[in-house]
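# Descriptive structure summary
Each chain is listed here by its residues.
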Amino acid sequence: MNADDVIESYVRDVARYLPRGKRNDVAFELRALLGDELAAKAQAAGRAPDKAMALELLTGFGRPAEAAGRYHQRPAVIDPTDTHHFLIWSLAAAVIVAVLARTSWAGAVGAGGLFLQCLGALAVVFALKGWWRRRRPGALGWRPGRGQDWMPRGLAVLAMTATLIFPVFMYAAPQTFVQVMFVGTLPTSGVALTEAFSQSGLRVATMTFLVLLAAMYAAIAVQGGGRPWTGWASVVLHGGLGLLLVAHAAPAEPLAGRESVPVFQSAGSNTVATPIFGAVGAMLVLCALYDAYREWWRVSPAPALEKRPD
Amino acid sequence: MADRDNIGLTELRRGVLVLAVLSRLRTPQYGYSLRQALAEGGMPIEEGTLYPLLRRLETQGLLASEWNTEHTPRRYYRLNAEGERMLAALTEAWRDQVRVMDGLLDGRRR
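Given the structure is predicted, the values throughout are model-derived calculations rather than measurements.

Rules used throughout
- Residues numbered from 1 in each chain as written.
- Chains lettered and ligands numbered in written order.
- Predicted model: local features only at pLDDT ≥ 70, side-chain atom pairs only at ≥ 80, totals over all residues.
- Helix = DSSP H or I, 4+ residues; strand = E, 2+ residues; numbered from the N terminus.
- Buried ≥ 20, exposed ≤ 12 C-beta atoms within 10 Å, placed from the backbone.
- Contact = placed C-beta atoms within 7 Å.
- Expected span 1.5 Å × (residues − 1).
- Pairing = 2+ DSSP bridges.
- Arc of directions from axis to C-beta.
- pLDDT = per-residue confidence, 0-100.
- Axes fitted to C-alpha atoms, helices over the stretch in contact; angles between N-to-C directions.

## Regarding the overall build of chain B
The helix and strand tally for chain B stands at four helices and three strands. N-terminal to C-terminal, the α/β element order of chain B is α-β-α-α-β-β-α. When each of the 110 residues of chain B is scored for burial, the buried share is 20%. Across chain B, the fraction of contacts at a sequence separation of at least 24, relative to all contacts at a separation of at least 6, is 41%.

Here's what the structure looks like:
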């Protein structure tokens, strides 16, 4: 292989990375330019061009893909500025798939296949997002946010009231709740609790968490907004509540080594309610994990003070 | 430290690369001759940077090019009317920047 063969090979490889319409034109010019450069190099060295001289010249030009990139820049599939969020979402997908793999929900695809599907879906979403931004500059632009502590008094009072009425009241006295909400038009026997569940520690713990949640909203209303401690309190309360609701849906034997305690006296009600308890609990756990991530990455601009020597 | 100096110098030169190239293309030049002309003028540019830049400037409508195949086939570039206008505008902007920078570096108030 002589110097011309080396240059020909390089030009061919550069052209392969270019759009079809540009290939011949760029390749023709690049070959002429490299020929000039090589001739000058040979003249300076005082000898005929050889393979080593051509390779040295091309090393300075960079890999064919890099050289082609200077002639025609292709957009990245995922914008470099989106890399951080892509990795975060990928990590979240891995956690969810790992949790699902502990159940039978991963199905026939299996956890590995499900994770690959998630990664593929994320890649498509981020690629479309980048494509849309390039197509419509200014679209999907930044908008100012209120910050994670934002919760005006009115909203906090509404959240507290809603928590007291819906989950607290409903959970504390389901029959009275149905009677009041449906003005006595529906039978209440379907939501009658079993004696064992009524007196269980699970119910006491769940009630405690629900009341604490309402108390947290009350505190936010008094303070006129969230604080870092309410952020972490929300993580603990929602996470704990989620786990307790999942426990409502899970059979007790493998967890506590004792017989499962049905929530309702009616078998039909238990059949309907069990997956709802599980789904709501899992959703609350996911929300708590997301809130924990936000708290962990909370930005509180302040000067970085160096520790003074003792 | 020397590496840091080089990074700063590279950044500085990157900003004036287009102006330097346009300034040498009042007369037709092919790639290698242009690189030589720039090097002789004190502005050496890597071949891998210069040649794609010429194509980009042509795509942007600032240069015209034609092949000369009488001897070794070579593509000659020169300024077109839009390139002349851009060269004049960039020259004026450059001189203004030099005045500003001189003022900043000498610590004078504008």
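## What about helix H4 (residues 81–106) of chain B?
Residues and elements named next belong to chain B. If you check H4, its first and last C-alpha atoms are 38 Å apart, about what 26 residues at 1.5 Å a residue would give, namely 38 Å. Summarising burial for H4: two of the 26 residues are buried, a small minority. The positive-phi residue at the C-terminal boundary of H4 is Gly107, with phi of around 75 degrees.

## Some details on the sheet that holds strand S2 (residues 63–68) of chain B
All names here are of chain B. The antiparallel open sheet is built from three strands, whose spatial order is S1-S3-S2. Of all the strands in the sheet, just strand S1 (29–30) and S2 have a single pairing partner and so form its edges. In the sheet, S2 pairs with strand S3 (residues 74–79) via six bridges, with the strands oriented antiparallel. Across the sheet, Trp67 pairs through a bridge with Arg75, a residue of S3.

## A closer look at helix H3 (residues 47–59) of chain B
Residue and element names in this part refer to chain B. End to end, H3 covers 19 Å across 13 residues, agreeing with the expected 18 Å (1.5 Å per residue, within 8%). Buried within H3 are the following residues: Leu50, Tyr51, Leu54, Arg55 and Leu57. Projection of H3 onto a plane perpendicular to its axis shows the buried side chains occupying an angular sector of 165 degrees, all on one side.

## Some words on the confidence of the model for chain B
For chain B, mean pLDDT is 89; residues scoring 70 or higher make up 93% of the total. Both scores are given for the predicted complex: the pTM is 0.67, the ipTM 0.80.

## Examining the environment of Asp82(A)
Residue and element names in this part refer to chain A. Tracing the sequence through the fold places Asp82 in the loop between helix H4 (64–71) and helix H5 (83–101). A residue is classified by how many C-beta atoms lie within 10 Å of it, and Asp82, with 17 of them, is partly exposed. When the C-alpha positions of Asp82 and Phe126 are compared, they lie 7.5 Å apart, and in sequence the two are 44 residues distant. Every residue in contact with Asp82, bar those within four places of it in the chain, is listed here: Phe126, Lys129 and Gly130.

## Thoughts on the packing of H4(A) against H3(B)
Between H4(A) and H3(B), the least distance of the axes is 8 Å, while the angle of their chain directions is 35 degrees. Contacts from Ala67(A), Arg70(A) and Tyr71(A) of H4(A) reach H3(B) at Gly48(B), Pro52(B) and Arg55(B).

## Let's talk about the interface of chain B and chain A
Listed per partner, the contact involves 12 residues of chain B and 13 residues of chain A. Those elements that provide at least two residues to the side of chain B that touches chain A are helix H2 (31–40), H3 and S3 of chain B. It is H3(B) that contributes the most residues to the side of chain B that touches chain A, five residues altogether.

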